[in-house]
Amino acid sequence: MQKIKDLFSEKFVDNEIETRGWIYRWRESGKIIFIILRDSTGIIQVTVSKDMVGEEDFNSAKSAGIESSVIVSGILKRDERAPGGFEVLAKKFVLVGKSLNFPITKDKSDEFLLDMRHLWLRSREMTAILKIRSTVFEFLHDFFKREGYYEVQAPMFVSSAVEGGSTLFEVPYFGRKAYLTQSSQFYLETFIFSLENVYTVAPSFRAEKSRTRRHLTEFWHCEAEVAWIGNDEMMKIEERMIMHILDGVLKNNKEELILLKRDISKLEDITLPFNRMEYADIIKLGKDVGLDLDYGSDLGADEEYAITQKFEKPTFVIHFPKEIKPFYHRPDPQNPSVVLNHDLLAPEGYGEIIGGGERIFDLDELLQRIKEERLNPEDYSWYIDLRKYGSVPHSGFGLGIDRLVWWIAGLEHIKYAVPYPRNVRRLVP
RNA sequence: GCCGCCGUAGCUUAGCUGGUGGAGCGCUCGGCUGUUAACCGAGUGGUCGUCGGUUCGAAUCCGACCGGCGGCGCCA
């Protein structure tokens, strides 16, 4: 039994082979049937003719519809008329699982394909994306393993918000109210006092009615928290991490990137270090380009687009005004009106993929910021506790893994980066 | 939450200055021994999103509702 990809080799030519898969294309021309067979590794043409396979097998090949699963044995031939230059001359054709009329045909709208996602996953495009996605997760874990991190797990059911603004999904919890986590950051901070360097890969949930090409209500979140380091060192870790993943995808998924028509040179040209820009300088730069930007307003989609179009590699935007960032970010001792934080913006207009920074580690400073933001300290009692018993300077970040896949694969909308995307409307399939 | 847009056959759509709904793909049948999302012939398929209004007459005009899409805000 051979995988389809392995058949594209001189060593099998004129030899007996056997392979199996699903019918990707089917056409007949008189007494010969052409089948394009697909498996997880690729596609190959199979020709079925009556005098080669006999009446019975020929009839099952004739009745087999798109996406039928089949086992074929025969002779591998070189033939320039076949796509890819090789084809299988069938001697035996076994229909394993019949396929009814496959609902996905030539014309397909975005929405229809989302409704049919459980079947559309088989498409060459989705298969390529899923392979890239698999590599991204693999090299993400690989990076942390190499750098000596511990992987930890935080709860998905939580009792309150990490930050005030975001909307939480409420779920009934034995007569009480619970919420689905929107970030594991606070829990990660609890682990650093024993494990020092920790990370987690888990879903986060946001009940925002966002309708943009980069928002989902459920997304895969990689978060890390590191003891004893500051904002600058955190950024260096992150850029190494992104480079490691990029290298992994470029090494393992060239074929998939090509199939997706990704401009690979744009990824290959990225080198360390990434760009760094002060928030204040962005505002100045924005004014020069004619954007309506005031110091103290958060960067909107237009601004991010303008910035990320300008640069060929990812850009850290650092030192945001503290008012527009959550209370736990540490104000810069040199200039307490800004915080020691960073957002990482992916190039080519993709925008924010990471948010991170240094956390306040002083008890009084944290209480002060909670008070300024008019939050209730009781809601953060165990988080505040961490500043009472041997607090240390520390930093962390959150990476939107789906957004990373979205950018690397060069996709139009984040929903293509995720097998079963969830947004305010979509819960099926 | 705000601003735009769209619902016609299984899918993709034309018809929208009102006068009995057309096409391509799919599917069924037939033809072809080299097709490349093949081609040729025949057939199949529609309470035009729902309800109401205007009119002699509504897919078409008006209103409400339902469903969806794109963008902004929010963020990963």
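Residues numbered from 1 in each chain as written. Chains lettered and ligands numbered in written order. Predicted model: local features only at pLDDT ≥ 70, side-chain atom pairs only at ≥ 80, totals over all residues. Heavy atoms only, no water.

A. Representation of the side chain of glutamate 358 in the model. Tracing the backbone through its elements, the reader meets glutamate 358 in strand 17 (residues 351–359). What makes glutamate 358 buried here is its relative accessible area of 7%. Here the side chain of glutamate 358 touches arginine 330 through a polar contact of 2.7 Å, side chain to side chain. Setting aside residues no more than four positions away along its own chain, glutamate 358 makes contact with Ile229, Gly230, Asn231, Tyr328, His329, Arg330, Leu340, His394 and Ser395. (Helix = DSSP H or I, 4+ residues; strand = E, 2+ residues; numbered from the N terminus. Buried < 20%, exposed > 50% of the residue type's maximum accessible area, 1.4 Å probe, protein only. Polar contact = N/O pair within 3.5 Å; in protein donor to acceptor, adjacent residues only side chain to side chain. Contact = heavy atoms within 4.5 Å.)

B. Structural view of the packing of helix 4 (residues 124–146) against helix 13 (residues 401–408). Where helix 4 meets helix 13, the closest approach of the two axes is 10 Å, and the angle between their N-to-C directions is 125 degrees. Comparing their axes, helix 13 and helix 4 come out oblique. Crossing geometry of helix 4 relative to helix 13 is assigned as right-handed. On helix 13, the residues that touch Ile132, Arg133, Val136, Phe137 and Leu140 of helix 4 are Ile401, Asp402, Leu404, Val405 and Ile408. Grouping the constituent residues of the contact of helix 4 with helix 13 by class yields 8 nonpolar, no polar and 2 charged. (Axes fitted to C-alpha atoms, helices over the stretch in contact; angles between N-to-C directions. Parallel < 35°, antiparallel > 145°, perpendicular 65-115°, else oblique. Left-handed = near helix turned anticlockwise from the far one by under 90°. Nonpolar A, V, L, I, M, F, W, Y, C, P; charged D, E, K, R; others polar.)

C. Layout of the pattern of salt bridges. Per the stated rule, a full pass over the model turns up 28 salt bridges. A salt bridge links glutamate 255 to lysine 5, with the shortest nitrogen-to-oxygen separation between them at 3.7 Å. Here glutamate 255, found in helix 7 (residues 254–259), pairs with lysine 5, found in the segment before strand 1 (16–29); they are 250 residues apart in sequence, far enough to count as distant. Look at glutamate 255 and you get partly exposed, because its relative accessible area is 46%. The exposure class assigned to lysine 5 is partly exposed, which follows from its relative accessible area of 47%. Residues participating in the shared-partner salt-bridge network are Lys322, Arg369, Glu372 and Glu373. (Salt bridge = Lys/Arg side-chain N within 4 Å of Asp/Glu carboxyl O.)

D. Representation of the nonpolar core within the structure. In this structure, Phe144, Met241, Ile242, Leu399, Trp407 and Ile408 are the most contacted members of the largest nonpolar core, which totals 61 residues. In this structure phenylalanine 144 touches Tyr149, Tyr199, Cys222, Ala224, Met241 and Phe397, once residues within four positions along its chain are discounted. With 23 residues, the next largest nonpolar core counts Ile4, Ile17, Ile23 and Phe58 among its residues. (Core = buried A, V, L, I, M, F, W, Y, C linked by side-chain atoms within 4.5 Å.)

E. Inspection of the pairing of strand 5 (residues 86–97) at higher detail. As paired elements, strand 3 (residues 42–49) and strand 5 share 3 bridges and run parallel to each other. Across the sheet, threonine 47 pairs through a bridge with leucine 89, a residue of strand 5. For strand 4 (residues 69–78) and strand 5, the ladder comprises 10 bridges, and the chain directions are antiparallel. Across the sheet, residue leucine 76 finds its bridge partner in strand 5, namely valine 88. (Pairing = 2+ DSSP bridges.)

F. Here's a closer look at helix 4. The first and last C-alpha atoms of helix 4 sit 33 Å apart over 23 residues, in line with the 33 Å expected at 1.5 Å per residue. Three or more residues of helix 4 are buried, namely Met126, Ala128, Ile129, Ile132, Arg133, Thr135, Val136, Phe137, Phe139, Leu140, Phe143 and Phe144. Positive backbone phi, approximately 80 degrees, marks glycine 148, located one or two places after helix 4. (Expected span 1.5 Å × (residues − 1).)

G. Quick look at helix 10 (residues 301–310). Those residues of helix 10 lying buried are Glu303, Glu304, Ile307 and Thr308. Down the axis of helix 10, the smallest arc covering the buried residues is 120 degrees, so these residues share one side. In helix 10, the exposed positions that point more than 90 degrees away from the buried face belong to Ala301, Asp302 and Lys310. (Arc of directions from axis to C-beta.)

H. Focus on the domain arrangement of chain A. Here the domain parsing of chain A yields domain 1 (4–97) and domain 2 (117–417). For domain 1 and domain 2, the distance between their C-alpha centres works out to 47 Å. In this assembly, 8 residues from domain 1 lie in contact with 4 residues from domain 2. For the pair domain 1 and domain 2, the two sides together bury roughly 500 Å², of which 43% comes from carbon and sulfur. Our count for the domain 1 to domain 2 interface comes out at 2 salt bridges. Here domain 1 and domain 2 share 2 residue pairs in polar contact (both at pLDDT 80 or more) between them. Here the side of domain 1 that touches domain 2 is composed, by residue class, of 3 nonpolar, 2 polar and 3 charged. (Domains from an automatic or database assignment. Buried area = accessible area lost by both parts, 1.4 Å probe.)

I. The arrangement of the sheet that holds strand 17 in detail. An order of 6-10-11-18-17-16-13-12 is seen for the 8 strands of this open sheet, with the pairing classed as mixed. Strands at the two margins of the open sheet, each flanked by one partner only, are strand 6 (150–151) and strand 12 (275–278). Examined bridge by bridge, strand 11 (residues 218–227) and strand 18 (residues 394–400) share 7 bridges and lie antiparallel to one another. Within strand 18, the residue paired with histidine 221 across the bridge is glycine 400. Across the sheet, helix 9 (residues 279–288) is in contact with strand 12 and strand 13 (315–318); its angle to strand 12 comes to roughly 80 degrees.

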